[in-house]
Amino acid sequence: ASADLGRLAAAVLAQVRDVVVEHEEELGNLDAIAGDGDHGIGMRRGVDAAATAGEQNAAAGASVERVLTAAGEAWSERAGGTSGALWGSAVIAAGIALGNRDSYRAEDAAAAVDAFSSAITALGKAEPGDKTMVDALLPFQDAFRKEHDGGATLSGALAAAAAAATEAARRTADLRPLKGRARPLAEKSLGHPDPGAVSFGLITERIARYIQS
Ligand code: ADP
Ligand code: MG
Ligand code: MG
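Predicted model, so just to flag it, every value in this text is computed and none were measured. (Residues numbered from 1 in each chain as written. Chains lettered and ligands numbered in written order. Predicted model: local features only at pLDDT ≥ 70, side-chain atom pairs only at ≥ 80, totals over all residues.)

Participant: Even after reading the chapter, I still don't get the site of ligand 1, so can you show me in this structure?
Facilitator: Taken together, 24 residues sit near ligand 1, with Gly81, Gly124, Ala126, Gly180 and Gly196 positioned nearest. Every element with two or more residues in the shell around ligand 1 is listed here: helix 3 (39–59), helix 5 (81–98), helix 6 (106–124) and helix 10 (195–212). A per-element tally of the shell around ligand 1 places helix 5 first, with four residues. Here the residues of the shell around ligand 1 are counted per class, giving seven nonpolar, 10 polar and seven charged. (Near = placed C-beta within 6 Å. Helix = DSSP H or I, 4+ residues; strand = E, 2+ residues; numbered from the N terminus. Nonpolar A, V, L, I, M, F, W, Y, C, P; charged D, E, K, R; others polar.)

Participant: In this structure, what is going on with helix 7 (residues 134–149)? I would like to understand it.
Facilitator: Residue pairs spaced three or four apart in an α-helix point in one direction, given the helix's 3.6 residues per turn. Its 16 residues give helix 7 an end-to-end C-alpha distance of 22 Å, which sits within 8% of 22 Å, the value for a rise of 1.5 Å per residue. By the burial criterion, the buried members of helix 7 are Val134, Asp135, Ala136, Leu137, Pro139, Phe140, Gln141, Ala143, Phe144, Glu147 and His148. Where helix 7 terminates, the next one or two residues include glycine 151, which has phi positive at roughly 90°. (Expected span 1.5 Å × (residues − 1). Buried ≥ 20, exposed ≤ 12 C-beta atoms within 10 Å, placed from the backbone.)

Participant: Where do I start with unusual backbone geometry in this structure?
Facilitator: You will see that lysine 125, though not glycine, has its phi angle at about 55°, which is positive. With respect to the element layout, lysine 125 can be found in the loop between helix 6 and helix 7. Taking the C-beta count within 10 Å as the criterion, lysine 125 has 11 such neighbours and is therefore assigned exposed. For lysine 131, which is not a glycine, the phi torsion comes out positive at approximately 65°. Among the secondary structure elements, lysine 131 is positioned in the loop between helix 6 and helix 7.

Here it is, written out as structure tokens:
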């Protein structure tokens, strides 16, 4: 029931931590091209704290809502940096949207994706094409909604949405950054994808694969 779902949420956070740790160096190198090089370490710090908070709360029998709000708070606090504040608030928003229930329907997952996305656009105010994680996030959200409306299973919708995010992250290489620290070095950034969009693609692919299995 509620505690099992809390444990599932914590297990997903542990997967997110693992994929960030695996790509920490690559994300840092990407951020160093036109940013300050800390996207790998910042994401790792944030998600480490988030996964730990999630595990502790899940072990104590907490609900999905409690696991995710605690994880999001820890993420924002420990990560520092723009991406940490955005991820933290988005994880909290998804947790609040999911709430504390004994079971969930596919529509609840779609609503949580919408809440996650709205938190990031409300806080960061980036527009599509600004070359930020929003350029991977919005295609993810659109694909998830479309699959869901078409009757796809959760795992099917996640897989399609993650593929859309990864492809969109790749396409950010063609963009000049209009938001964030990379803006002053926009020309250097051309030809390279946005670090926050790339990490979003990697994370969603990992979650999709985990939910599949
Ligand atoms: P910082 O820029 O503070 O060093 P990170 O390096 O961890 O933080 O994250 C950089 C990423 O944050 C960028 O690649 C971009 O995807 C994302 N980002 C920056 N500003 C915004 C914004 N206003 N809205 C959405 N995402 C943003
Ligand atoms: Mg940075
Ligand atoms: Mg920084």
